[in-house]
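A structural walkthrough
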Amino acid sequence: MESVHHVTASSKVLFTKVRKIVPPMLEKFHKGQLGRVAVIGGCVDYTGAPYFSAMASAKLGCDMSHVVCERSAAPVVKSYSPNLMVHPLLPSSDTVKDTQSIDAPALAGPIIDMLSRLHALVIGPGLGRDGVTLKVVAEVIKAARSQSIPFVLDADGLLIVTENPGLIKGYKECILTPNVVEFGRLAKALGIKVASQAEISQEGNGDQISKESEACEQLSKALGGVTVVQKGPHDVISNGVTSIISDTKGGLKRSGGQGDTLTGSLGTFLAWRAAYHDKLWDSGEQDNANDAQTRDEVQAELESNKRMSPTTTLLLAAWAGSSITRECSRKAFEAKGRSMQASDLTDEVHGAFLRLIGEPEGSQTHL
Ligand SMILES: NC(=O)C1=CN([C@@H]2O[C@H](COP(=O)(O)OP(=O)(O)OC[C@H]3O[C@@H](n4cnc5c(N)ncnc54)[C@H](O)[C@@H]3O)[C@@H](O)[C@H]2O)[C@@H](O)CC1
Ligand SMILES: Nc1ncnc2c1ncn2[C@@H]1O[C@H](COP(=O)(O)OP(=O)(O)OP(=O)(O)O)[C@@H](O)[C@H]1O
Ligand SMILES: [Mg+2]
């Protein structure tokens, strides 16, 4: 039994629509126009996560990839790749004098100063749980929201929301990417009952998907319509009103760090989506006076050749990021089997893009 809130388009139709929000490669574009994305994360314990996220973002095709991390993580992340711009701007308990009396807005100042030059943020990969760091990142979230900059929240970034849901409640330009455990924590914090795995596995496959979608929809609703990508054997995507299931085949190895390919890909899709809505190029679609909100309106846009509304493109961006990640995982697993690592997904991003989405019409791919 499919939930009435799901869009019913095939993957082929959805990928065709995703291609509309991918900017073509044209000589007229200058550096930065195809995406300036920053990953906010990386601490003394975790340097891989922000690197995998930023590299996925870069390899999918954004022009500029920044990492904003804690001081001790910066030289390490830089050493992984000279392509990334790494800024050691995140304070922690090790770098402030008195952890009890910090001025979080002031400490966040140098990061907030960067925001106007960015199209999208990914907040959380390898951020860690240092109290000072999390307070400063909460200030960055407030500032990004006030400047309408879209962001993805993952990992320890989700912890900030679990403790203070008001930070993002009602902010539509936001995608949350919880794994099973993070989803459970968020649901508990917001008083949403999630069926246990035992309860869900007693259901048939259709009912199982329906139950999972219901919890995802409820979480999104409780957060005022943010988009939630609930990761698992298939990813459930919902904005509280409309849902899509992402079930592109993935790999069988569950090594850590695969969620980082997802967040980085989402960062780039969010940047491209902003360029699409800014009409950076002619998408070849008809004008559209409507602003889709309901599931039926989203469905109608997916079936038409009209320009899409922000609600539709956000769902598509989330679905595309999920599909790319799962395809990377499938292909990397095919090559590496049980030795597969997160870095193997990084190498697959461009191939996955070409196989699933392909270059949009008008792209000059050869000189
Ligand atoms: N190379 C790196 O730098 C990596 C850093 N990471 C960072 O590590 C930090 C902690 O992330 P964690 O994801 O470990 O979060 P948590 O510390 O909240 O741990 C989640 C726990 O849940 C378990 N779990 C996951 N999926 C499950 C499922 N379906 N059913 C039952 N249990 C499940 C995991 O094994 C893990 O022990 C984050 O900052 C994250 O970004 C991870 O993303 C892994 C890679
Ligand atoms: N059982 C599964 N079958 C197929 N794909 C899965 C399965 N579980 C997760 N995935 C996929 O793996 C990717 C990462 O999801 P996962 O649940 O491992 O996130 P995570 O725990 O946050 O990862 P990370 O270690 O990067 O923090 C997602 O794209 C998801 O679709
Ligand atoms: Mg994770």
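Bear in mind that the values here come from a model prediction, so they are computed numbers and not experimental data.

With respect to the site of ligand 2
The environment of ligand 2 is made up of 13 residues, and the closest members are K231, D235, G257, G259 and R326. Between G232 and ligand 2, the recorded distance is 3.5 Å, taken from a backbone N or O atom to a nitrogen atom. In this structure, an oxygen atom belonging to ligand 2 sits 3.2 Å away from a main-chain N or O atom of Q258. Ranked by the residues each element gives to the shell around ligand 2, the list is headed by helix α10 (residues 258–277), at 3 residues.

Examining the sheet that holds strand β5 (residues 151–153)
Each strand in a sheet pairs with its neighbour through backbone hydrogen bonds, running either in the same direction (parallel) or in the opposite one (antiparallel). Reading across the sheet, the 9 strands line up as β3-β2-β1-β4-β5-β6-β7-β8-β9 and stay open at both edges, with mixed pairing between neighbours. Every other strand in the sheet has two partners, leaving β3 (85–90) and β9 (243–246) as the edge strands with one partner each. Here the average twist between neighbouring strands, direction ignored, is 20°. Relative to strand β7 (residues 227–230), strand β6 (residues 174–176) runs parallel, the two sharing 2 bridges. Each residue of the ladder has a partner; that of L176, found in β7, is V228.

Regarding the packing of helix α6 (residues 155–163) against helix α7 (residues 180–189)
Axis angle and axis distance: for two packed helices, these are the angle between their axes and the distance between the axes, and together they describe the pair. One can describe the packing of α6 onto α7 by two numbers: an axis separation of 10 Å at closest approach and a directional angle of 10°. By the angle class used here, α6 and α7 are roughly parallel. Of the residues in α7, those touching α6 at A155, L158, L159, V161 and T162 are E182, R185, L186 and A189. When the residues that make up the contact of α6 with α7 are grouped by side-chain class, the tally is 6 nonpolar, 1 polar and 2 charged.

Some points on the packing of helix α11 (residues 295–303) against helix α12 (residues 310–336)
Running from amino to carboxyl end, α11 crosses α12 at an angle of 75°, the nearest separation of the two axes being 9 Å. It follows that α11 is roughly perpendicular to α12 by the angle criterion. Along its contact with α11, which presents V298, E301 and L302, the element α12 presents T311, T312, L315 and L316. Taken together, the residues of the contact of α11 with α12 sort by class into 4 nonpolar, 2 polar and 1 charged.

Considerations on the site of ligand 1
Around ligand 1 sit 17 residues, and of these A49, G126, R129, D156 and R185 come closest. Backbone polar atom of A49 to an oxygen atom of ligand 1: 2.9 Å apart, as the coordinates give it. Here an oxygen atom of ligand 1 and a side-chain polar atom of R185 are 2.6 Å apart. If ligand 1 stood free it would expose 860 Å²; the protein chains cover 53% of that surface. Mapped onto the shell around ligand 1, the elements with two or more residues apiece are α2 (48–60), α6 and α7.

Some points on the UniProt feature "binding site: (6S)-NADPHX" (unreviewed entry) in the protein chain
In this structure's numbering, the residues bearing the UniProt feature "binding site: (6S)-NADPHX" (unreviewed entry) are G126, N179, V180, V181, E182, F183, G184, R185 and D260. Tracing the chain through its elements places N179 in the loop between β6 and α7. A distance of 3.1 Å separates a polar atom in the side chain of N179 from the backbone nitrogen of V181. Checked against the element boundaries, R185 lands in helix α7. Judged by its relative accessible area of 34%, R185 is partly exposed. Filtering out sequence-adjacent residues up to four positions away, R185 remains in contact with R129, L159 and T162.

Quick look at the packing of aromatic side chains
All told, the structure shown has 7 aromatic pairs when counted by the stated rule. An angle of 65° between the planes, with centres 6.3 Å apart, marks the rings of W272 and F353 as edge-to-face. One end of the pair, W272, is in helix α10; the other, F353, is in helix α14 (residues 349–356), and 81 residues separate them in sequence. Residue classification places W272 among the buried positions, given a relative accessible area of 4%. Between the aromatic rings of Y276 and W281, the centroid separation amounts to 6.3 Å while the plane-to-plane angle is 55°, which identifies the pairing as tilted. Residue class for Y276 comes out buried when judged on its relative accessible area of 1%. Judged by its relative accessible area of 8%, W281 is buried.

Scoring rules and cut-offs
Residues numbered from 1 in each chain as written. Chains lettered and ligands numbered in written order. Predicted model: local features only at pLDDT ≥ 70, side-chain atom pairs only at ≥ 80, totals over all residues. Heavy atoms only, no water. Near = heavy atom within 4 Å. Polar contact = N/O pair within 3.5 Å; in protein donor to acceptor, adjacent residues only side chain to side chain. Helix = DSSP H or I, 4+ residues; strand = E, 2+ residues; numbered from the N terminus. Pairing = 2+ DSSP bridges. Axes fitted to C-alpha atoms, helices over the stretch in contact; angles between N-to-C directions. Parallel < 35°, antiparallel > 145°, perpendicular 65-115°, else oblique. Contact = heavy atoms within 4.5 Å. Nonpolar A, V, L, I, M, F, W, Y, C, P; charged D, E, K, R; others polar. Areas by Shrake-Rupley, 256 points an atom, 1.4 Å probe, with all protein chains shown as cover. UniProt positions renumbered as here; feature names shortened; annotations may be inferred. Buried < 20%, exposed > 50% of the residue type's maximum accessible area, 1.4 Å probe, protein only. Phe/Tyr/Trp six-rings, centres within 6.5 Å; stacked < 30°, edge-to-face > 60°.

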